[in-house]
Amino acid sequence: MNELDGLTALLIEPHSGMRANIHSMLNMCGLTRIEHASSANQAVKQLTLRSFDLVLCEYDLEGGQDGQQLLEDLRHHKLVSLATMFFMVTAEGDYGKVVSAAELAPTDYILKPFTADRLLERIARALEKRNVFLPVYRLMEAGAQHEAIEACLEGEQAHPRYAVDFLRLRAELHLFLGEAHLAEPIYRQLADSKAIAWARLGLAKTLYLREEYEEAGSLLTELVQTNTNFVDAYDWLARTHTAMGELDKSQDVLGRAVAVSPHAVRRLRTLGEVAFEAGDDDTAEKVLKQVVAKAKYSEFRDPEDHVKLVRTLVRKGDPVAAATVIRDLDRSMGGKAHADACSAISSALLHEYTGNEERLLDSLNAAVAASRDLPAMSADLKLELARNCLAHDMAEGATSLVRDVMRNAADASAMDRAMSVMAQAGHAELGTTLAQETRQHVVDLVAGGAERARSGDYAGAVTLMQEAAQRMPGNPQVAFNAALALLRCLEHTGWDDKLGQQALAQMAAVRRLDARNPKLPALTALHQAVLKKYKKSHK
């Protein structure tokens, strides 16, 4: 047999006996290139280093994180490619818990106990479908979204068995590109003819993106009433209520979603934030404690969760509990990029509440120093720190934070939020000046890179734009021009493996920061032309 020969597999299973048993089954199926991981953290480390064709993951992983949470982390951090087949191995009693999370659906589920023949049948079925969609996946991962849409149209004709799947993928691509008006008729056609739940959800998404919140809300409300386990629909309904300023309704919907699927840390985090904004400190405390506890076992735990919990406890008037959370942050988050900054911000919140002015100023100064040029830290938290600085006559520290946020502003609204912080503290003119300086700084950098390239100094253009990208990793314009400089350098001076990898990384940054950039297809085309020129395969 060997349609499976040459495929790579990662087996994630905590029990050595079961690992050996499934390994033998995979061998019987024709798979020989198999790696093992006994925990979620080991799996993350393996997937960070390499990709696999097949991941077989036990749901009950032990150690604080289950297979569903692991899948959420892997998808969110893009550690499994579109072409990776992800199978969840679960006991029948756990099956209901796993399938409730529609947005995190694996390729397939395998209920224990199972035989090698049953395993082979499921893998072969998934492999057949993967091979049909592989050309589209490759175009998508190369950033060629418009070409991927064309490939979907061709796929619908060539593989009518998968026509609905191609329609769904084509609609999702239009949404990704910001073309809600092109996605809507596809979803509407499917929703009207087949009453498919995900098609109705897709239709609601198009309405939301066009800011038709009332109609989107009505459709989503009906959807969750008729599909009580469809948690992705709950998420979009909550988002719709938030956009309409209905925080209480958003909180209620998220609470129901968490009851259906209690393991998704990101949904819990959103519920905690919405509850805090709505003034429901008791719910915010309860939920954010769960977030901190669940995320503790993840490779991707975020110290900002501790800050949010401290902020809630301080507002509740519980400084003792807040101090305990800060100690846990210091103990459990050592080594995380912005743990020191988060600890200092949390301490400042506590000292402000207790009225210890001297320690408050010390903490604010420490937070500003630790937050400087720290891309791992969210813009929202930096702006919150800037507000605190401005409230305590630390304009210089606030200015450096706001400037940093502006340099990495992904869009006009992010720039507006930064300016608003300055304006609310009575420094509107300074905020406007900072914004103008930041925009001009980026313009000058880009112009400088272009000038060097025009004069034939392609290496100089790369150096200038790479340095700018390192200083401003969240700025899409800088990322785009860094990618362009790298590709022009390769085009004119010859192939270099290191520069080729850097170009891929910068193009990935552009797609992450500005997926709807109208110049992205041209950048992708240039990349493909450079690869073709030097006879390099596209990875």
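This text goes with the structure placed above it.
How each quantity is defined
- Residues numbered from 1 in each chain as written.
- Predicted model: local features only at pLDDT ≥ 70, side-chain atom pairs only at ≥ 80, totals over all residues.
- Heavy atoms only, no water.
- Core = buried A, V, L, I, M, F, W, Y, C linked by side-chain atoms within 4.5 Å.
- Buried < 20%, exposed > 50% of the residue type's maximum accessible area, 1.4 Å probe, protein only.
- Contact = heavy atoms within 4.5 Å.
- Helix = DSSP H or I, 4+ residues; strand = E, 2+ residues; numbered from the N terminus.
- Salt bridge = Lys/Arg side-chain N within 4 Å of Asp/Glu carboxyl O.
- Phe/Tyr/Trp six-rings, centres within 6.5 Å; stacked < 30°, edge-to-face > 60°.
- Axes fitted to C-alpha atoms, helices over the stretch in contact; angles between N-to-C directions.
- Parallel < 35°, antiparallel > 145°, perpendicular 65-115°, else oblique.
- Left-handed = near helix turned anticlockwise from the far one by under 90°.
- Pairing = 2+ DSSP bridges.
- Right-handed = clockwise from strand over helix to strand, strands pointing away.
- Polar contact = N/O pair within 3.5 Å; in protein donor to acceptor, adjacent residues only side chain to side chain.
- Nonpolar A, V, L, I, M, F, W, Y, C, P; charged D, E, K, R; others polar.

Novice: A description of the nonpolar core should follow, citing residues and the corresponding values.
Specialist: Grouped together as the largest cluster of nonpolar side chains are 46 residues, with contacts concentrated most on Val310, Ile345, Leu385, Cys389, Val402 and Met406. Excluding residues within four positions of it along the chain, Leu385 makes contact with Ile345, Leu364, Ala367, Val368, Ser371 and Leu401.

Novice: Describe in detail the environment of Ala191, supporting the description with residues and values.
Specialist: Its location among the elements puts Ala191 in helix H8 (residues 180–194). Beyond its immediate stretch of four places on either side in the chain, Ala191 contacts Ile196, Ala199 and Arg200.

Novice: Any details on the pattern of salt bridges? Residues and values, ideally.
Specialist: All told, the structure shown has 30 salt bridges when counted by the stated rule. In this structure, the salt-bridge partner of Asp328 is Arg331, at a minimum N-O distance of 3.2 Å. Taken as a pair, Asp328 and Arg331 lie in helix H16 (residues 319–332) at a separation of three residues, close to a single helical turn. When salt bridges with common partners are traced through the structure, they connect Glu184, Arg188, Arg210 and Glu212 into a single cluster.

Novice: Any details on the packing of aromatic side chains? Residues and values, ideally.
Specialist: Note on aromatic pairs: each is described by the distance of the centres and the angle between the planes. In total, this model carries six aromatic pairs according to the counting rule given. With 5.3 Å between their ring centres and 85° between their planes, Tyr208 and Trp236 make a pair best called edge-to-face. A residue pair is termed long-range when its members are at least 10 positions apart, and Tyr208 in helix H9 (residues 197–209) and Trp236 in helix H11 (residues 231–243) qualify at 28 residues. A relative accessible area of 16% places Tyr208 in the buried class.

Novice: Summarise the packing of helix H13 (residues 265–277) against helix H14 (residues 281–295); cite the residues concerned and give the values.
Specialist: Taken N-terminus to C-terminus, the directions of H13 and H14 make an angle of 155°; their axes are 8 Å apart at the nearest point. The orientation of H13 relative to H14 falls into the category roughly antiparallel. As for the relative orientation of H13 and H14, their crossing is left-handed in sense. Where H13 approaches H14, its residues Val265, Leu268, Arg269, Leu271, Gly272, Ala275 and Phe276 are matched on the opposing element by Asp281, Thr283, Ala284, Val287, Leu288, Gln290, Val291, Lys294 and Ala295.

Novice: Outline the pairing of strand S2 (residues 33–37), supporting the account with residue identities and numerical values.
Specialist: In this sheet, S2 lies alongside strand S1 (residues 8–12) in parallel orientation, the contact comprising five bridges. Paired with Ala9 across the two strands is Ile34, which belongs to S2. This β-α-β element, S1 to helix H1 (residues 16–29) to S2, shows right-handed connectivity.

Novice: Describe the side chain of Asp328, and please don't skip the residues or the numbers.
Specialist: A relative accessible area of 12% places Asp328 in the buried class. For Asp328, the side chain forms a polar contact with the side chain of His306, separated by 2.8 Å. Sequence-distant contacts of Asp328, that is, excluding residues within four places in its chain, are made with Val292, Lys296, His306 and Met333.

Novice: Now, about the sheet that holds strand S5 (residues 108–112): what can you tell me, with residues and values included?
Specialist: One open sheet holds the five strands; their spatial order is S2-S1-S3-S4-S5, and the pairing between them is parallel. Edge strands, defined here as strands with exactly one partner in the open sheet, are S2 and S5. Mean inter-strand twist for the sheet, computed between neighbouring axes without regard to direction, equals 20°. Its contacts with the sheet place H1 against S1, S2 and strand S3 (54–58), and it is angled at close to 165° to S2. Relative to the sheet, helix H2 (residues 40–49) contacts S1, S2 and S3, its axis offset from that of S2 by approximately 140°.

Novice: So what about the packing of H8 against H9? Which residues, and what values?
Specialist: Taken N-terminus to C-terminus, the directions of H8 and H9 make an angle of 150°; their axes are 8 Å apart at the nearest point. Put simply, H8 runs roughly antiparallel to H9. The handedness of the crossing between H8 and H9 is left-handed. Contact with H8, carried on its side by Ala180, Ala183, Glu184, Tyr187, Arg188, Leu190 and Ala191, involves Trp198, Ala199, Arg200, Gly202, Leu203, Thr206 and Leu209 of H9 and no other residues of that element. The residue inventory of the contact of H8 with H9, partitioned by class, reads nine nonpolar, two polar and three charged.

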